[in-house]
Amino acid sequence: MYVISGSTHQRLGASLAEEMDAEFCGVVNRHFPDGERYIRVLMDVTNQDVVVVQNTFPDKKIVELLLILQAVKEANAKTVTCVIPYMGYSRQERVFQSGEARSAKAIASVIGSMCDRVFTINVHTPAILDFFGCEAKDINLSLIHISEPTRRTPISYAVFCLK
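Residues numbered from 1 in each chain as written. Predicted model: local features only at pLDDT ≥ 70, side-chain atom pairs only at ≥ 80, totals over all residues. Heavy atoms only, no water.

### A few points about the overall build of the protein
For step 1, the next point in the chain: When helices and strands are tallied, the protein shows 5 helices and 8 strands.
For step 2, the next point in the chain: Starting at the N terminus, the α and β elements of the protein follow one another as β-α-β-β-β-β-α-β-α-β-β-α-α.
For step 3, the next point in the chain: Counting the 163 residues in the protein, one finds 43% classified as buried.
For step 4, the next point in the chain: Long-range contacts, defined here as pairs at least 24 residues apart, represent 55% of the contacts in the protein between residues at least 6 apart.
For step 5, the next point in the chain: Accessible surface, the protein: about 8,800 Å² in total, of which carbon and sulfur atoms supply 50%. (Helix = DSSP H or I, 4+ residues; strand = E, 2+ residues; numbered from the N terminus. Buried < 20%, exposed > 50% of the residue type's maximum accessible area, 1.4 Å probe, protein only. Contact = heavy atoms within 4.5 Å. Areas by Shrake-Rupley, 256 points an atom, 1.4 Å probe, with all protein chains shown as cover.)

### Topic: the environment of Ser 103
For step 1, the next point in the chain: Along the chain, Ser 103 turns up in helix H3 (residues 103–112).
For step 2, the next point in the chain: Classification of Ser 103 by relative accessible area gives buried; the value is 14%.

### Section: unusual backbone geometry
Note on backbone geometry: most residues besides glycine have negative phi, and most peptide bonds are trans.
For step 1, the next point in the chain: Of note, the bond from Phe 57 into Pro 58 is cis; its omega dihedral lies within 30 degrees of zero at -10°.
For step 2, the next point in the chain: Looking at the element boundaries, Pro 58 is found in the loop between strand E5 (49–53) and helix H2 (59–74).
For step 3, the next point in the chain: The phi torsion at Asn 47 lies on the positive side, around 60°, for a residue other than glycine.
For step 4, the next point in the chain: Among the structural elements, Asn 47 can be located in the loop between strand E4 (37–41) and E5.
For step 5, the next point in the chain: Asn 47 sits in the exposed class, given a relative accessible area of 56%.
For step 6, the next point in the chain: Residues other than glycine seldom take positive phi values, yet Asn 122 does so here, at roughly 50°.
For step 7, the next point in the chain: Structurally, the position occupied by Asn 122 is in the loop between strand E7 (117–121) and strand E8 (135–139).
For step 8, the next point in the chain: A relative accessible area of 40% means that Asn 122 is categorised as partly exposed.

### Remarks on the pattern of salt bridges
For step 1, the next point in the chain: On inspection of all chains with the given rule, the structure shows 3 salt bridges.
For step 2, the next point in the chain: In this structure, Glu 64 engages Lys 61 in a salt bridge whose closest nitrogen and oxygen atoms are separated by 3.6 Å. Taken together, the positions of Glu 64 and Lys 61, both in helix H2 and 3 residues apart, correspond to about one turn of that helix. The residues Glu 64 and Lys 61 share a single accessibility class, namely buried.
For step 3, the next point in the chain: A single salt-bridge network, built from bridges that share partners, covers Arg 37, Lys 61 and Glu 64. (Salt bridge = Lys/Arg side-chain N within 4 Å of Asp/Glu carboxyl O.)

### Quick word on the packing of aromatic side chains
For step 1, the next point in the chain: Counted under the stated rule, the structure contains 2 aromatic pairs.
For step 2, the next point in the chain: When the centroid spacing of 5.8 Å and the interplanar angle of 85° are considered together, the rings of Phe 32 and Tyr 38 count as edge-to-face.
For step 3, the next point in the chain: Among the residues examined, Phe 32 registers a relative accessible area of 37% and is labelled partly exposed.
For step 4, the next point in the chain: On the numbers, 5.9 Å between centres and 80° between planes, the contact of Phe 57 with Tyr 86 is edge-to-face. With Phe 57 in the loop between E5 and H2 and Tyr 86 in the loop between strand E6 (79–84) and H3, the pair connects residues that are 29 residues apart, well separated along the chain.
For step 5, the next point in the chain: The ring of Tyr 38 is capped by Arg 30, whose NZ or CZ atom sits 4.3 Å from the centre of that ring. (Phe/Tyr/Trp six-rings, centres within 6.5 Å; stacked < 30°, edge-to-face > 60°. Lys NZ or Arg CZ within 6 Å of the ring centre and 35° of its normal.)

### Digging into H2
For step 1, the next point in the chain: Across its 16 residues, H2 extends 23 Å between first and last C-alpha, which sits within 8% of the 22 Å expected from 1.5 Å per residue.
For step 2, the next point in the chain: Inspection of H2 places Lys 61, Ile 62, Glu 64, Leu 65, Ile 68, Leu 69 and Val 72 among the buried residues, and these make up the whole buried set. Along the axis of H2, the buried positions cluster into a sector of 165°, meaning they face one direction only. In H2, the exposed residues that point more than 90 degrees away from the buried face are Lys 60 and Glu 74.
For step 3, the next point in the chain: Buried residues along H2 sit against strand E1 (2–5), strand E3 (27–31), E4, E5, E6 and H3.
For step 4, the next point in the chain: Remark: Asn 76 follows H2 within two positions and exhibits a positive phi of approximately 65°. (Expected span 1.5 Å × (residues − 1). Arc of directions from axis to C-beta.)

None of the figures reported here should be taken as evidence of function without further support.
Next up, the structure:
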């Protein structure tokens, strides 16, 4: 199993990898002169379970996440799980006025089409989980102190949910 982090959560990704006894996989992440992003996964993830950790805010982080997911899919990963610590656009789950985009659905459906599972963390509107179109769950980190106050850290609780 490999854990790959986008630029928003390198430490979280490394901690998840350690807790899951997985390998933390580096990514080349740079910009071309015209501002377009370049992504390359540095390990062979063929036939491996892969966890990708990345926020969807600000907008440029969505592009980064999609490129990482595409690279992992093209490398023929066995399964792809996406962990989204902050799901941008999750408050835009409804159309309030005619002509508005339902942004949460637009973003979630594209991400979900590239994943087997998606985990959000304390998402603003749990109803958006249906928009992913794959198995999706929200990890409520506030519950760790209620359920097992002495045995769980936020990282180990997230790992418990991922298994």
